[in-house]
Amino acid sequence: MADPVAASGAAGMFRAGTVLRPPRPSLLDAVAHSAVLRALAAWRDNGGGQPPLLLDGTAGNGHDSLFLARQAPAGSLLLALDIQEAALQASRARLGQAGVAARCCASAAAACALPPLPPDTTDVRLVLHSHAALPQLLDALPEDDRQRPLLAGIFNFGYLPGGDHKIATRAATSLTAIESALNLLKKGGIINLCIYSGGDTGYEEKEAILNYVKELDSKKWLVIVNSYFNRKNDPPLPVFIYRLK
């Protein structure tokens, strides 16, 4: 059966578009990315092993995808997911401008059917797929990819900057995605969340996520919630989740 997404023309959405400015990480990005670098350094210090899986659960404009692609150990698999065509277009443009090759997939099935790359090549796949359906995507990967340890994941919850504010993440699907990622995360790995709230999106998702991570077993997980302490008007809330054992 023909892929309905591809048949609709979405498969062509990845053609090169507007050239984007080189990303200039914000202080928030720098702090969040430093936590990922810590996990990657610990993995290398412990002898490495099978090249890991890295996850950008909400590709957005591609800033986190580019960071993960640049830092990924050789042979890693990076999955960058989004349900919006515009987000994947922007991500591909940003990666391409930085000289990072990415394979673009108009469905999860297409992503799972791609042939393997040479062993030392980082495999970057941009996938038109919801983070809420992460388990289905991972279950459909080839056996070798399913065996990869998840070392780091990044999620931005809210809406695409510059995009349609009516298309936003929701509490139920965001919690499903977080739980799925935590179930896969290896010891010493990290999941970074950045929660945008207020305005069009309200506070339900933020409160649901905070209530969920607060109840995680403190012997297994370290949860760090940061805040812009003197900033008004609902600034983003970064949350780091480390797996201790």
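An account of the accompanying structure is given in this report. Keep in mind it's a predicted model, so treat the numbers as computed, not measured.

The rules behind the values
- Here the residue index of a chain counts from 1 through its sequence in written order.
- Local features in a predicted model are, by the rule used here, given only for residues with pLDDT of at least 70; side-chain atom pairs are given and counted only at 80 or more, and totals for whole chains, interfaces and linings are based on all residues.
- In computing side-chain properties, one takes all heavy atoms of the structure into account and sets aside hydrogens as well as water.
- Patch membership needs two things, relative accessible area over 30% and no salt bridge, and members are linked within 9 Å if like-charged or within 5 Å if nonpolar (Val, Leu, Ile, Met, Phe, Trp, Tyr).
- Shrake-Rupley sampling with a 1.4 Å probe provides the accessible areas, and residues are treated as covered by the protein chains on show and by no other component.
- Salt bridges are defined by distance alone: a side-chain nitrogen of Lys or Arg within 4 Å of a carboxyl oxygen of Asp or Glu.
- Under the DSSP-based scheme used, a helix requires at least four consecutive residues in state H or I and a strand at least two consecutive residues in state E, with every element numbered from the N terminus.
- At least two bridges found by DSSP between two strands is the condition for calling them paired.
- Note on definitions: angles span 0 to 180 degrees between N-to-C directions of axes, and those axes are lines fitted to C-alpha atoms, for helices only across the stretch in contact.
- Only heavy atoms matter for contacts: two residues are in contact if any of them lie within 4.5 Å across the pair.
- Between buried and exposed lies partly exposed: a residue is buried under 20% and exposed over 50% of the maximum accessible area for its type, with that area taken using a 1.4 Å probe on protein chains only.
- Aromatic contacts are taken between Phe, Tyr and Trp rings whose centres are within 6.5 Å, Trp giving its six-membered ring; a plane angle under 30 degrees counts as stacked, one over 60 as edge-to-face, and the others as tilted.
- Given the number of residues in a helix, its expected span is that number minus one, multiplied by 1.5 Å.

A grouping of Leu222, Ile224 and Leu244 is seen on the molecular surface, where their side chains present a nonpolar patch of about 210 Å² in accessible area. Take Leu222: it is sitting in strand 7 (residues 221-225).

Bringing the sheet that holds strand 7 into the picture now. Here we have 8 strands laid out as an open sheet, ordered 3-4-2-1-5-6-8-7, and mixed in their pairing. Every interior strand has two partners, whereas the edge strands, strand 3 (103-105) and strand 7, have only one. Mean inter-strand twist for the sheet, computed between neighbouring axes without regard to direction, equals 15°. Two strands pair when backbone bridges link them, and strand 1 (residues 53-56) and strand 5 (residues 150-157) are joined in this way by 4 bridges, in the parallel orientation. Within the sheet, the bridge partner assigned to Leu54 lies in strand 5 and is Ala152. Where helix 4 (residues 85-97) meets the sheet, it contacts strand 2 (77-82), strand 3 and strand 4 (123-128), and its direction lies at approximately 160° from that of strand 4. Together, strand 5, strand 6 (185-195), strand 7 and strand 8 (237-243) form the strand contacts of helix 8 (residues 171-184), whose direction differs from that of strand 6 by roughly 160°.

Side-chain alternation along strand 1 places Leu53 and Leu55 on one buried face and Leu54 and Asp56 on a second face that is also buried. When strand 1 meets strand 2, the two strands line up parallel, connected through 4 bridges. Looking at strand 2, one finds that Leu55 is bridged to Leu79.

What follows is about the packing of aromatic side chains. Per the counting criterion, the structure on display carries 1 aromatic pair. Judged by centre distance (5.6 Å) and plane angle (10°), the ring pair of Phe155 and Phe157 falls under stacked. Residue Phe155 shares its accessibility class with Phe157, and that shared class is buried.

It is worth spelling out the pattern of salt bridges at this point. Two side chains with opposite charge may pair up if their charged atoms get near one another. Within this structure, the stated rule accounts for 5 salt bridges. Between Arg125 and Asp145 there is a salt bridge, and its shortest N-O distance comes to 3.5 Å. Here the residue Arg125 occupies a position in strand 4, and Asp145 occupies one in helix 7 (residues 143-146), the gap between them amounting to 20 residues. Taking relative accessible area as the criterion, Asp145 reaches 10% and is therefore assigned buried. Across the salt bridge formed by Arg146 and Glu143, the nearest N and O atoms sit 2.3 Å from each other. In this pair, Arg146 and Glu143 are both assigned in helix 7, 3 residues apart and thus about one turn of the helix distant. Residue classification places Glu143 among the partly exposed positions, given a relative accessible area of 42%.

Moving on, we get to helix 8. Along its 14 residues, helix 8 runs 20 Å from first to last C-alpha, staying within 8% of the 20 Å computed at 1.5 Å per residue. Taken as a whole, helix 8 has its buried residues at Ala171, Ser174, Ala177, Ile178, Ser180, Ala181 and Leu182. The secondary structure elements touched by the buried residues of helix 8 are helix 6 (134-139), strand 5, strand 6, helix 9 (204-214), strand 7 and strand 8.

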